[in-house]
Amino acid sequence: MTKKNKPIELEDVVIRFSGDSGDGMQLTGTLFSNTAALLGNDIATFPDYPAEIRAPQGTVGGVSGFQVHFGHARVKTPGDLADVLVAMNPAALKANARWLKPGAMIIIDVDNFTPKNIEKAGYNEDPIKEEKLEDYNVIQAPITSLTKRALEDMGLDMKSVLRSKNMFALGMIYWVFNRPLKFTEDFFKSKFKKKPEIIEANERVLKAGYYYAETIEALHVTYVVKPAEIEKGTYRNINGNTATAWGLIAASEKAGLQLFVGSYPITPATGILEELALRKNLGVITVQAEDEIAGITTSIGASFAGLLAATTTSGPGLALKSEALGLAVITELPLVVVDVQRGGPSTGLPTKTEQSDLMQVLYGRNGESPVAVVAASTPANCFYYAFEAARLALEHMTPVVLMTDGFLANGTEPWKIPAMSDLPEIKPRIVPEGTEDYKPYKRDPETLARGWAIPGTPGLEHRIGGLEKDEISGNVSYDPVNHQVMTNIRAEKVKRIVHDIPALKVDGEQEGDVLLVGWGSTYGHLKSAQEELDKEGKKVGLAHFNYINPLPGNVEDVLRKFKKILVCELNMGQFAGYLRMNFPQFDYHQLNKVQGLPFTVAEIKDAVNNLKEG
Amino acid sequence: MSKETSQEVVYTPKDFKSDQEVRWCPGCGDHAILNSVQRAMSQLGIKKEKYAVISGIGCSSRFPYYMATYGFHGIHGRAAAISTGVKVANPELSVWTITGDGDSLAIGGNHLIHVARRNVDINLLLFNNRIYGLTKGQYSPTSVKGQITKTSPYGTVEPPFNPGELVIGAKGKFFARTIDGNIKLSTEIFTEAARHEGTSVVEVLQNCVIYNNGAYADITDREHKEDRQIILRDGEPMIFGKERDKGLILDREHMKLKVVKIGENGITEKDILVHNSTENNPGLHMMLVNMRWPNYPVALGIIRNVAAPTYDMAVHAQIGKVKESSPIKKMDDLLTSGNTWEVK
């Protein structure tokens, strides 16, 4: 495998794999990302796929994409624009041509660029010309026919043959970026243990693609991206849903309580339930409930019975759970609700990302019904915020909503693995047996958390429920003044969590012209924009929120130090509205986007630059 | 039986009364049911702290507040789901679910059928008064067709559910029926329901004195009740009537039950069906729960009582098995498992 030319060194590269939703692009992208991560690159990935399992073949609506950004330096986002596009058919080109860097490399499966497919994708005759890509590095590879030829003597059915053509494309990419095939071959061996013919087919096609790339003249240059200079330690690749699941298990271990999760499958949250269902080895109880309401109410039952209870869902599911969430508020039981947000309203854009559930999470219940709210901001830190949500729930006796979204759920990044001993202790407020004169609503004077008496403990028998409770005894009370008192206490209890969370940090400039404000999954893009603006000599700070309710104690101090505040979020201005309500003394500019996609760094920079001019 | 029992614990029904004033209407059937439950609990030999009484919304669902046990008053329709969570979280508890015809057959219908299908080991008492009492008199899913209520001033136009038919159709393994006023029978049935491992559904025919008074008068009035009710007991022939001269046989030609008179047309006691609640085939049990006066006597007692693995035990057994064989014993093991790499 000698190369004709010395490879060119690059700082970072963005590759977008795209094809029909049945073409295996998610797997292809994942395998490439894993290899990059195992070679020590920093990576960020972004799967972008349609809601239909098999949308009509060859149409733009059915295109499934997977973008991976890998680099020698720290990588914070999956990248705005791609250096390399793999397009398995004309529709994939159509869907992705606008996301290319000028002069990008485009590998197309020319076998699929038939007149019929070209027309289906909405082109007239020559897609390359129509997209004005003639000057780009277009590699027209006969991927389908070469895949067939590589497997012709194996006697496989045509379906299995065609299914492996994604590996041909992957093989080509591996050659271009000087990547070993080993990690992917190891994957075949463990995945298809019982099907040696599938292992062989995949290996053959992967190699065929690799050697094809080596042979053709169009690809005479290859590239290397050296390992990233990142903190020492043991790393693994993790996506947001798995990190969320693991954070909950870690919290249960720290708290010494078994984890119970009652949930109903819903995109894009299902991965958390699937991961937890695997973890019976760590004692996790999962109940796949009959509906969203049973998901949360079984969890409330488990919380009453003394376990760490959680339920996982997305926006539409949270809407169904809202009455029960109010029950957890009034019974003051610890409960974690994970909302993996997606495009709404209604069924909306199930597989696309959005941050538009904020108001629902904060206020979408009947009555005065405060809950604590935290938001994760990278795939890996879903682990820490799931842990944190559980800690706050158990120590403050309140439901806590953890907000993530489709972008975090499915996106991956390398994660420096923590040791359990690095994580803080969690001390549940369990009332010990033998406690004299237990009253269900007697509180810790500092936090206002009530004591948690677990059924089965002799002498602590008590009743709680959804009717308003007498301040101390917990008996049903219709007393008007008591209702005011209890409403105040429930609000104050959540407010006092402020003493148990860190202050808001500002990245970049600590005071100056513009403060970028964000929350949740937009961190990577906002941070990249802030750093790039900084390099361009602009005085910009970034205040990114992980604690939404209560807000950190120093928010006002932070906001006061900047001339202009730009709140960026993937909704129409919900967090901006929330800040306006809490700190009406400031003016807030907004950058909002609801296209089912993350921000691009360029969009954020433009918004900042436009502010300055304005 | 997982519930911890002890010979030393001696309770009286009074030990299960809470300090809260019972606020049901005078004459409401719920008072008698409360008495029966407290009697049954005092006799079961289960420690008081092991009981958890869970309810939904409705008149019946105020029940937990009147019990001196652990109790949870839930939200409308969700008692069975909350109970599932409690029981799976701690199978050592004796979980009692208190619900009504609106709570568990309308808004909570989904949870009722799924708890029965899964066979979670709970005792679900369904107070069936065929009316919405707490909201003051609207029809329920068990209101008889044509029933005049506040929301059906011209009579309902929809057919009702029969709870037993629904529960057995949902693969329910235990179904019994009693009448609020028959404290002896209710206590006996509640005790058996508690002893049954799995979802035990007991339909209590309950009179609402205010909004549906006399809903069951045709089968409960002193004059006729023996002719219009049949109390089923395992191993005993299905005989009823003031004179104990009527019985049930299977009309094989039409595959349905038939009421016969012993001594007429050559029928002797030997011809009468003998009750077997433990028969797994639901065919005959389905016929028995569907009997309605005036064609048949209404069946009371334990109609179906079939042993089957419970959901809560299966969940924990599976966890135990996976734990045993997995090399991952704690979170640190999981964190460092699979594909990891060192950065030096």
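Note that this is a predicted model, so its numbers are computed, not measured. (Residues numbered from 1 in each chain as written. Chains lettered and ligands numbered in written order. Predicted model: local features only at pLDDT ≥ 70, side-chain atom pairs only at ≥ 80, totals over all residues.)

**Q** What am I meant to see in the overall build of chain A here?
**A** Tallying secondary structure elements over chain A gives 21 helices and 23 strands in all. In terms of overall size, chain A behaves like a compact globule, its C-alpha atoms giving a radius of gyration of 26 Å where 614 residues would be expected to give roughly 25 Å. Seen through its principal axes, chain A has C-alpha atoms that stretch 85 × 60 × 45 Å. Put simply, of all contacts in chain A between residues at least 6 apart along the chain, 77% involve residues at least 24 apart. (Helix = DSSP H or I, 4+ residues; strand = E, 2+ residues; numbered from the N terminus. Rg over C-alpha atoms; globule rule 2.2 N^0.38 Å. Contact = placed C-beta atoms within 7 Å.)

**Q** Would you mind showing me how to read the environment of Asn178 of chain A here?
**A** Its location among the elements puts Asn178 of chain A in the loop between helix H7 (165–176) and helix H8 (182–191). Setting aside its immediate chain neighbours within four residues, Asn178 of chain A contacts Pro7, Thr222, Tyr223 and Val224 of chain A.

**Q** Please clarify how the sheet that holds strand E23 (residues 589–592) of chain A should be interpreted in this entry.
**A** In a beta sheet, neighbouring strands are held together by backbone hydrogen bonds and run either parallel or antiparallel to one another. Residues and elements named next belong to chain A. Spatial strand order, E18-E20-E19-E22-E23: five strands in an open sheet with mixed pairing. The sheet is open, and its two borders are formed by strand E18 (506–508) and E23, each paired with just one other strand. With direction set aside, neighbouring strand axes in the sheet form an average angle of 25°. Two strands pair when backbone bridges link them, and strand E19 (residues 512–519) and strand E22 (residues 562–569) are joined in this way by five bridges, in the parallel orientation. Counted as the bridge partner of Leu516 is Leu566 from E22. Set on the sheet, helix H18 (residues 523–535) makes contact with E18, E19, strand E20 (540–545) and E22; between it and E20 the angle comes to about 165°. (Pairing = 2+ DSSP bridges. Axes fitted to C-alpha atoms, helices over the stretch in contact; angles between N-to-C directions.)

**Q** What is the right way to read the nonpolar core from this model?
**A** Side chains of a nonpolar character, in soluble globular proteins, are inclined to be buried together. Residues and elements named next belong to chain A. Counting residues in each nonpolar core, the largest one holds 200 residues, and the members touching the most others are Val336, Ala390 and Leu402. Broken down by element, this core gets its largest block of residues, ten residues, from helix H15 (residues 382–396). Taken domain by domain, the makeup of this core includes at least three residues from each of domain 2 (236–422) and domain 3 (506–613). Apart from residues no more than four positions distant in its own chain, Val336 is found in contact with Leu248, Ala310, Ala389, Ala390, Ala393, Val400 and Leu402. Listed in part, the 62 residues of the second largest apolar core include Leu38, Ala82, Val138 and Met167. (Core = buried A, V, L, I, M, F, W, Y, C linked by C-beta atoms within 7 Å. Buried ≥ 20, exposed ≤ 12 C-beta atoms within 10 Å, placed from the backbone. Domains from an automatic or database assignment.)

**Q** What am I meant to see in the packing of helix H1 (residues 25–38) of chain A against H7 of chain A here?
**A** The relative placement of two packed helices is expressed as an angle between their axes plus a distance between the axes. Residue and element names in this part refer to chain A. The contact between H1 and H7 brings their axes to 10 Å, and the two run at 30°. Relative to H7, the element H1 lies roughly parallel. In terms of crossing hand, the pair formed by H1 and H7 is right-handed. Of the residues in H7, those in contact with Met25, Leu27, Thr28, Leu31 and Phe32 of H1 are Asn166, Ala169, Leu170 and Ile173. Taken together, the residues of the contact of H1 with H7 sort by class into seven nonpolar, two polar and no charged. (Parallel < 35°, antiparallel > 145°, perpendicular 65-115°, else oblique. Left-handed = near helix turned anticlockwise from the far one by under 90°. Nonpolar A, V, L, I, M, F, W, Y, C, P; charged D, E, K, R; others polar.)

**Q** Is there a simple way to explain the domain arrangement of chain A in this structure?
**A** It is common to report an interface's size as the accessible area lost on association of the parts. Residues and elements named next belong to chain A. Entries for chain A in the domain assignment read domain 1 (8–224), domain 2 (236–422) and domain 3 (506–613). Each of domain 2 and domain 3 has a C-alpha centre, and the two are 26 Å apart. Elements represented by at least two residues in the side of domain 2 that touches domain 3 include exactly helix H14 (358–363), strand E14 (372–375), strand E15 (399–405) and helix H16 (406–410).

**Q** How should I be thinking about the sheet that holds strand E16 (residues 412–416) of chain A in this particular structure?
**A** With antiparallel pairing, the three strands of this open sheet are ordered in space as E16(A)-E9(A)-E12(B). Looking at the sheet topology across the chains shown, the edges are occupied by E16 of chain A together with strand E12 (340–343) of chain B. Each strand of the sheet is rotated relative to its neighbour by a mean of 35°, with strand direction disregarded. Note: strand E9 (residues 233–239) of chain A against E12 of chain B, four bridges, orientation antiparallel. If you follow Gly233 of chain A over to E12 of chain B, its bridge partner there is Val343 of chain B.

**Q** What exactly am I supposed to notice about helix H13 (residues 315–331) of chain A here?
**A** Residue pairs three or four apart in sequence face the same way in an α-helix, which turns once every 3.6 residues. Residue and element names in this part refer to chain A. Counted at 1.5 Å a residue, the expected span for H13 with its 17 residues is 24 Å, and the 23 Å between its end C-alpha atoms agrees. A bend of about 55° at Ser322 is the largest found in H13. Taken residue by residue, H13 has Gly315, Gly317, Leu318, Lys321, Ala324, Leu325, Gly326, Leu327, Ala328, Val329 and Thr331 as its buried positions. Glu332 sits one or two residues past H13 and shows a positive phi near 50°. (Expected span 1.5 Å × (residues − 1). Bend = angle between axes of the 7 residues up to and from the residue.)

**Q** Help me understand the pairing of strand E11 (residues 298–305) of chain B, please; the structure alone is not making it clear to me.
**A** The side chains of a regular strand alternate between both faces of the sheet. Residue and element names in this part refer to chain B. A large share of E11 lies buried, amounting to eight of its eight residues. Bridge analysis of strand E5 (residues 174–179) against E11 gives four bridges, and the strand direction is antiparallel. Note that in E11 the partner of Phe175 across the bridge is Arg304. Sheet topology places strand E7 (residues 229–232) next to E11; four bridges connect them, and they run parallel. Across the sheet, Ile230 pairs through a bridge with Ala299, a residue of E11.

**Q** What exactly am I supposed to notice about unusual backbone geometry here?
**A** Working note: non-glycine residues mostly have negative phi, and peptide bonds are mostly trans. In the segment running from Gly344 of chain A into Pro345 of chain A, the intervening peptide bond is cis, with an omega of 0°. Examined against the element boundaries, Pro345 of chain A turns out to sit in the loop between strand E13 (335–341) and H14. Asn549 of chain A connects to Pro550 of chain A through a cis peptide bond whose omega is 0°. A positive phi is found at Lys132 of chain A, a non-glycine position, where the angle reads about 55°. The residue Lys132 of chain A is located in the loop between helix H4 (127–130) and strand E7 (137–141) in this model. Judged by local crowding, Lys132 of chain A falls into the exposed class, with 9 C-beta atoms found within 10 Å. Non-glycine residue Met255 of chain B carries a positive phi angle of around 50°. Along the chain, Met255 of chain B turns up in the loop between strand E9 (246–251) and strand E10 (256–261).

**Q** Teacher, can you tell me more about H7 of chain A here?
**A** With twelve residues, H7 of chain A extends 17 Å from end C-alpha to end C-alpha; this agrees with the ideal 16 Å at 1.5 Å per step. Within H7 of chain A, twelve of the twelve residues are buried, which leaves it mostly tucked inside the rest of the structure.

**Q** Please explain the confidence of the model for chain B as it appears in this structure.
**A** Caution is warranted with low-pLDDT regions, since their predicted coordinates should not be read in detail. A residue-level look at chain B finds 98% of positions with pLDDT of 70 or above and a mean pLDDT of 96. The ipTM for the predicted assembly is 0.97, set against a pTM of 0.94. (pLDDT = per-residue confidence, 0-100.)

**Q** How do you make sense of the packing of helix H12 (residues 292–304) of chain A against H13 of chain A when you look at a structure like this?
**A** All names here are of chain A. Here H12 crosses H13 at 25°, and the two axes come no closer than 8 Å. Relative to H13, H12 is oriented roughly parallel. Between H12 and H13 lies a crossing whose hand is right-handed. Counted together, Glu292, Ile293, Ile296, Thr297 and Ile300 of H12 and Gly317, Leu320, Lys321, Ala324, Leu325, Leu327 and Ala328 of H13 form the full contact between these two elements. Among the residues making up the contact of H12 with H13, the classes are represented as eight nonpolar, two polar and two charged.

**Q** Would you take a moment to explain the environment of Glu468 of chain A for this structure?
**A** Residues and elements named next belong to chain A. Mapped onto the fold, Glu468 is located in the loop between strand E17 (463–465) and helix H17 (480–495). Classification of Glu468 as partly exposed rests on a count of 15 C-beta atoms within 10 Å. The residues touching Glu468, leaving out its near neighbours within four places in the chain, are Ser477, Tyr478, His483 and Met486.

**Q** Any chance you could explain the interface of chain B and chain A here in plain terms?
**A** The interface is formed by 50 residues belonging to chain B together with 57 residues belonging to chain A. At the level of secondary structure, the elements contributing two or more residues to the side of chain B that touches chain A comprise strand E2 (70–73), helix H2 (79–89), helix H4 (109–118), helix H10 (311–325), helix H11 (331–335) and E12 of chain B. With eight residues, the single largest contributor to the side of chain B that touches chain A is H2 of chain B. Here the residues of the side of chain B that touches chain A sort into 22 nonpolar, 18 polar and ten charged.

**Q** Any chance you could explain the environment of Ile565 of chain A here in plain terms?
**A** Residue and element names in this part refer to chain A. Of note, Ile565 is situated in strand E22. Sequence separation of Ile565 and Val517 is 48 residues, and the distance between their C-alpha atoms is 7.0 Å. Non-local contacts of Ile565, meaning those with residues more than four positions away in its chain, are made with Leu515, Val517, Leu559, Phe586, Asp587, Tyr588 and His589.

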